[in-house]
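Remarks on the overall topology
Single-letter residue listing:
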Amino acid sequence: MIKWPPRTVIRRASGLRTMESALIRTGLGPVAGVDEAGRGACAGPLVVAACVLGPKPHRALEGLDDSKKLTERTREELFPVIQRLAVAWCIIEIPAAEVDRLGVHVANIEGMRRAVAGLDRPPGYVLTDGFRVPGLAAPSLPVIGGDASAACIAAASVLAKVSRDRTMVAMDGEIPGYGFAGHKGYSTAAHTQAMALLGPSREHRMSYANVRAAADGVAGAMYTAAVGAG
């Protein structure tokens, strides 16, 4: 008679805790979730967060979800609660110049490594939102749509999003004229118009095609004006 190894039974847990609960029951905890904010922006930093939640659900975190599905007010309310209740958390900012140097995908992977390495408590397992991350000290699994499937990833998503939004609001005061507080560095019509008028700032990602086009356009207009004046 063939004896098969025992199977891991995945029972549905409350909220977004099913995957984490299964890993913890099999002795693979604590489980860290990792997510980023700002990958698609053409200005500002790429922000990556890692978060380890406690093994049991907490009522104060029942509203956790993909940060993009939450209102700004809800994200702001959850941010300090996550930091207070999490077993460990870490937020990493990768500046625009480093995103240009590495490329956004490599910068994203590197940010995830740094965020996990920066946790005060080393995880036994890591769940990442969508991307496989080689080089982690613990086994990991990419989860498609992870910020809507695992509480620890959702928590990391909120930490990354709120941190980046705050950075962009502060940047708007330091570099006025681009409207960073409103569009947060994404390629909206207002942002595109501001780049066409002012050219890229020091916080823009020059490796992005639309940023290069704006720089070339402003440079070309200045040259034409100079030639005309001469």
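Residues numbered from 1 in each chain as written. Predicted model: local features only at pLDDT ≥ 70, side-chain atom pairs only at ≥ 80, totals over all residues. Heavy atoms only, no water.

Structural notes on the overall build of the chain
The secondary structure content of the chain amounts to eight helices and five strands. Along the chain, from the amino end to the carboxyl end, the secondary structure elements read α-β-β-α-β-α-α-β-β-α-α-α-α. Each of the 230 residues in the chain was classed as buried or not, and the buried ones make up 44%. Relative to all contacts within the chain whose residues are 6 or more apart in sequence, the contacts with residues 24 or more apart total 62%. Accessible surface for the chain amounts to roughly 11,800 Å². Of this, 58% is attributable to carbon and sulfur atoms. (Helix = DSSP H or I, 4+ residues; strand = E, 2+ residues; numbered from the N terminus. Buried < 20%, exposed > 50% of the residue type's maximum accessible area, 1.4 Å probe, protein only. Contact = heavy atoms within 4.5 Å. Areas by Shrake-Rupley, 256 points an atom, 1.4 Å probe, with all protein chains shown as cover.)

With respect to the pattern of salt bridges
Where charged atoms from two side chains of opposite charge approach closely, those side chains can pair. A full pass over the atoms with the stated rule returns eight salt bridges. A salt bridge links aspartate 165 to arginine 75; the nearest nitrogen and oxygen atoms lie 3.8 Å apart. Highlighted residues: aspartate 165 in helix α5 (residues 151-174) and arginine 75 in helix α2 (residues 72-85), separated in sequence by 90 residues. Per residue, the accessibility class of aspartate 165 equals that of arginine 75, and both read buried. (Salt bridge = Lys/Arg side-chain N within 4 Å of Asp/Glu carboxyl O.)

Notes on the pairing of strand β1 (residues 31-37)
Among the seven residues that make up β1, seven are buried, leaving the element largely enclosed by the rest of the structure. Of the two faces of β1, the one carrying Val31, Gly33, Asp35 and Ala37 and the one carrying Ala32, Val34 and Glu36 are both buried. Direction of pairing for β1 relative to strand β2 (residues 46-52): antiparallel, over a ladder of six bridges. Bridge pairing in β2 links glycine 33 to cysteine 51. (Pairing = 2+ DSSP bridges.)

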